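A closer look at the structure
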There are 4 protein chains.
Amino acid sequence: MDRAERPLRIGVMGPGECRPDTAALAERVGRRIAEAGAVLVTGGRGGVMEAASRGAARAGGIVVGILPGDEEHTANPFVTIPVVTGMGEARNAINVLTAHAVIAIEGGPGTLSEIALAAKTGTPLVGLRTWRAATDSARIDMHRADGADEAVARALALADPENRAC
Amino acid sequence: MDRAERPLRIGVMGPGECRPDTAALAERVGRRIAEAGAVLVTGGRGGVMEAASRGAARAGGIVVGILPGDEEHTANPFVTIPVVTGMGEARNAINVLTAHAVIAIEGGPGTLSEIALAAKTGTPLVGLRTWRAATDSARIDMHRADGADEAVARALALADPENRAC
Amino acid sequence: MDRAERPLRIGVMGPGECRPDTAALAERVGRRIAEAGAVLVTGGRGGVMEAASRGAARAGGIVVGILPGDEEHTANPFVTIPVVTGMGEARNAINVLTAHAVIAIEGGPGTLSEIALAAKTGTPLVGLRTWRAATDSARIDMHRADGADEAVARALALADPENRAC
Amino acid sequence: MDRAERPLRIGVMGPGECRPDTAALAERVGRRIAEAGAVLVTGGRGGVMEAASRGAARAGGIVVGILPGDEEHTANPFVTIPVVTGMGEARNAINVLTAHAVIAIEGGPGTLSEIALAAKTGTPLVGLRTWRAATDSARIDMHRADGADEAVARALALADPENRAC
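**Description of the interface of chain A and chain B**
- Taken residue by residue, the interface counts 27 residues in chain A and 28 residues in chain B.
- For the chain A and chain B pair, buried surface summed over both sides reaches about 2,200 Å², with 61% attributable to carbon and sulfur atoms.
- A salt bridge links B:E72 to A:R9, with the shortest nitrogen-to-oxygen separation between them at 2.8 Å.
- Taken together, the connections running from chain A to chain B amount to twelve residue pairs in polar contact (both at pLDDT 80 or more).
- Listed by contribution, the elements that provide at least two residues to the side of chain A that touches chain B are strand 4 (81-84) and helix 3 (92-98) of chain A.
- If you tally residues by element for the side of chain A that touches chain B, the top one is strand 4 of chain A, at four residues.
- Here the side of chain A that touches chain B is built from residues that sort into 15 nonpolar, six polar and six charged.

Okay, here's the thing in structure tokens:
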């Protein structure tokens, strides 16, 4: 199997606690990722991460959860493959390096760090109701989507090596 | 899915270059892991890692490759899910935290660091032709196996939560 | 020596390339930090990091440079103590955990990730011409300063354990 | 200041708990490092790390403590500059990359991992009553010293860029 044959890996980043309507959005994102045959990559915890994992797992997908802690039991119950880092927030860099594209949903400062790290490392970004960030001369480049289906379609297109410079 | 329902994850650690007989041993280890329904966790590179990955992939298993570098193309072609850390040798700690048990095959100093980290973090260890290490008052506790089949059987037994204190 | 007797550690985060007026600002920030007897913590590279390091080193201060790469020669010439992580952008989390307060100066996405990680981990933040970030319901809390002297005075006050809840 | 002008950095690795005679040995090692004008790099915790830190601090040296946890209060009281990683055992790789040479004193599995990582990354190693490790065809190359003074003299010689290929 070479790069072109591996399943795409789509990251979903968002806060560890969220409202029911955000969870429903994240769950639909996860489901669409799995239905497309892609692997879901998340931080493995609750909230948006768990809702997306539930959506992907119930559609038969593989869910990778890159955990900040050093114990597997901190993974949400829909993670099929926990990656136990024990590195705290430093694992956010692994999340964005591992995903071919990242969908950021709402989020607190941890999600903002993942948006920034994706921009820094060149991982394509799609945003749903998430952070806007700018300086006087710069801003984070992100494809803003209106709903789960558009977000996943954009992420899959951006993740496809056929569509990427590198 | 909770911990008890997830597939077991067995790590195979070994050098990035190896002789043909060692590669044959590692490939059989990888195959047996996949045949048992477990996920193979490796460092994702060549040598022992690639041989084990080939064995597992050809038996239809999932192969997680936790890469030291920051580019996916450094994964061997049998890795199904690369985890791209960009952390160099610091990723060795993730390998042993992620696996429920580790099989060390021969190896250079990187493999020795994984043996030591497994001992430090309490991940059960099985050795095949690998390092022996001791001080005047301490030694690394490891189950030494005579061949691939025994190594995998021991690793699976040690990884099973039914057999573990924690 | 206990926590109260150690020198304070002030982080300066900013891009690896910058205009001369930004470099002058960063250099003054570094000088003020050293004049206050605090240790400067940076990412160890060029641009804002180097200018701040130059200011601190020329005032006789200690400069810690937490390098993303695995080779010391990538440190700027004013770093007195390089910390060689080999972890790439994941080291940004170490920068903010190590500093008692962080001053962010302008910056690209790497600096934004450090701002976000500081917010996530509770490290007090002071901004100079830097990122503004918000969602519909959240924003990054930061003390915005008008110049180098105010920024350092605020950072020192925020870093002082006498002024901190924890 | 360029590389040649920076103080040398000597790492001392050893267990977090130790007997009084080992502590006395480690304290003398730390003192000699400081008397030579070098910076002491340790893991920042107790036992051998604390004893070496006490020796260096009392001789007026700088002590860098690269902590596994995410809170400064876990540093021993003789650390002048804590580096707070929050990365657990993965920080062992930073210890050996940051030191120009490492002295390993006795030790448990964490120390063995640092010996192995030093060998892997090419950091010169000096051992005092520490691990011996070998496979049928390989062993860890280490300069074994008989006492604190010889260990520090050897480490300083190995750390000197004048004596190193790179």
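**Observations concerning the sheet that holds strand 5 (residues 101-105) of chain D**
Residues and elements named next belong to chain D.
- Spatial ordering of the open sheet is given by 4-3-2-1-5-6-8, a layout of seven strands whose pairing is parallel. The open sheet has two free edges, formed respectively by strand 4 (81-84) and strand 8 (143-144), since each of these has just one partner strand.
- With two bridges joining them, strand 6 (residues 125-128) and strand 8 adopt parallel strand pairing. Across the sheet, V126 pairs through a bridge with H143, a residue of strand 8.
- Packing against the sheet, helix 2 (residues 48-58) makes contact with strand 1 (9-13), strand 2 (39-42), strand 3 (63-67) and strand 5, and its axis sits at approximately 165° to strand 2.

**Comments concerning the relation of the copies chain A and chain B**
- Laying chain A over chain B is done by rotating through 180° and shifting 0.0 Å along the axis; what remains is an RMSD of 0.0 Å. Such a turn and shift between the copies fits a two-fold axis. Ranked by how close their C-alpha atoms come to the rotation axis, the residues of chain A are headed by A:V83, at 4.3 Å.
- Both copies share a contact surface, since 100% of the interface residues of chain A are interface residues in chain B too.

**Regarding unusual backbone geometry**
Residues and elements named next belong to chain A.
- A positive phi is found at R129, a non-glycine position, where the angle reads about 55°.
- Relative to the elements of secondary structure, R129 occurs in the loop between strand 6 (125-128) and strand 7 (132-134).
- On the basis of relative accessible area, R129 is assigned to the partly exposed category, the value being 42%.

**Considerations on the packing of helix 4 (residues 109-121) of chain B against helix 4 (residues 109-121) of chain D**
- Contact pair helix 4 of chain B / helix 4 of chain D: the axes reach a minimum separation of 8 Å and the direction vectors enclose 165°. Regarding the angle of helix 4 of chain B to helix 4 of chain D, the classification is roughly antiparallel. The way helix 4 of chain B lies across helix 4 of chain D gives a crossing that is left-handed. Residue-level contacts link B:P109, B:G110, B:L112, B:S113, B:A116, B:L117, B:A119 and B:K120 of helix 4 of chain B to D:P109, D:G110, D:L112, D:S113, D:A116, D:L117, D:A119 and D:K120 of helix 4 of chain D.
- By residue class, the composition of the contact of helix 4 of chain B with helix 4 of chain D is ten nonpolar, four polar and two charged.

**Some details on the sheet that holds strand 3 (residues 63-67) of chain B**
Residues and elements named next belong to chain B.
- Strands sit in the order 4-3-2-1-5-6-8 across an open sheet of seven strands; the sheet is parallel. Only two strands of the sheet have a single neighbouring strand rather than two, namely strand 4 (81-84) and strand 8 (143-144).
- As judged from the four bridges shared by strand 1 (residues 9-13) and strand 5 (residues 101-105), these two strands associate in the parallel manner. Residue pairing across strands places I10 opposite A101, the latter belonging to strand 5.
- Where helix 1 (residues 20-35) meets the sheet, its contacts fall on strand 1, strand 2 (39-42), strand 5 and strand 6 (125-128), and the angle it forms with strand 5 comes to roughly 165°.
- Relative to the sheet, helix 4 contacts strand 1, strand 5 and strand 6, its axis offset from that of strand 6 by approximately 150°.

**Quick look at the pairing of strand 5 of chain D**
All names here are of chain D.
- The element strand 5 is extensively covered by neighbouring structure, given that five of its five residues are classed as buried.
- Alternating residues of strand 5 divide into A101, I103 and I105 and V102 and A104, and every residue in both groups is buried.
- Of the strand pairs in this sheet, strand 5 and strand 6 are connected by four bridges, and their pairing is parallel. Bridged to A104 within strand 6 is G127.
- Following the backbone out of strand 5, through helix 4 and into the adjacent parallel strand 6, one traces a crossover that is right-handed.

The rules behind these values
Residues numbered from 1 in each chain as written. Chains lettered and ligands numbered in written order. Predicted model: local features only at pLDDT ≥ 70, side-chain atom pairs only at ≥ 80, totals over all residues. Heavy atoms only, no water. Contact = heavy atoms within 4.5 Å. Buried area = accessible area lost by both parts, 1.4 Å probe. Salt bridge = Lys/Arg side-chain N within 4 Å of Asp/Glu carboxyl O. Polar contact = N/O pair within 3.5 Å; in protein donor to acceptor, adjacent residues only side chain to side chain. Helix = DSSP H or I, 4+ residues; strand = E, 2+ residues; numbered from the N terminus. Nonpolar A, V, L, I, M, F, W, Y, C, P; charged D, E, K, R; others polar. Pairing = 2+ DSSP bridges. Axes fitted to C-alpha atoms, helices over the stretch in contact; angles between N-to-C directions. Least-squares fit on C-alpha atoms with pLDDT ≥ 70 in both. Buried < 20%, exposed > 50% of the residue type's maximum accessible area, 1.4 Å probe, protein only. Parallel < 35°, antiparallel > 145°, perpendicular 65-115°, else oblique. Left-handed = near helix turned anticlockwise from the far one by under 90°. Right-handed = clockwise from strand over helix to strand, strands pointing away.

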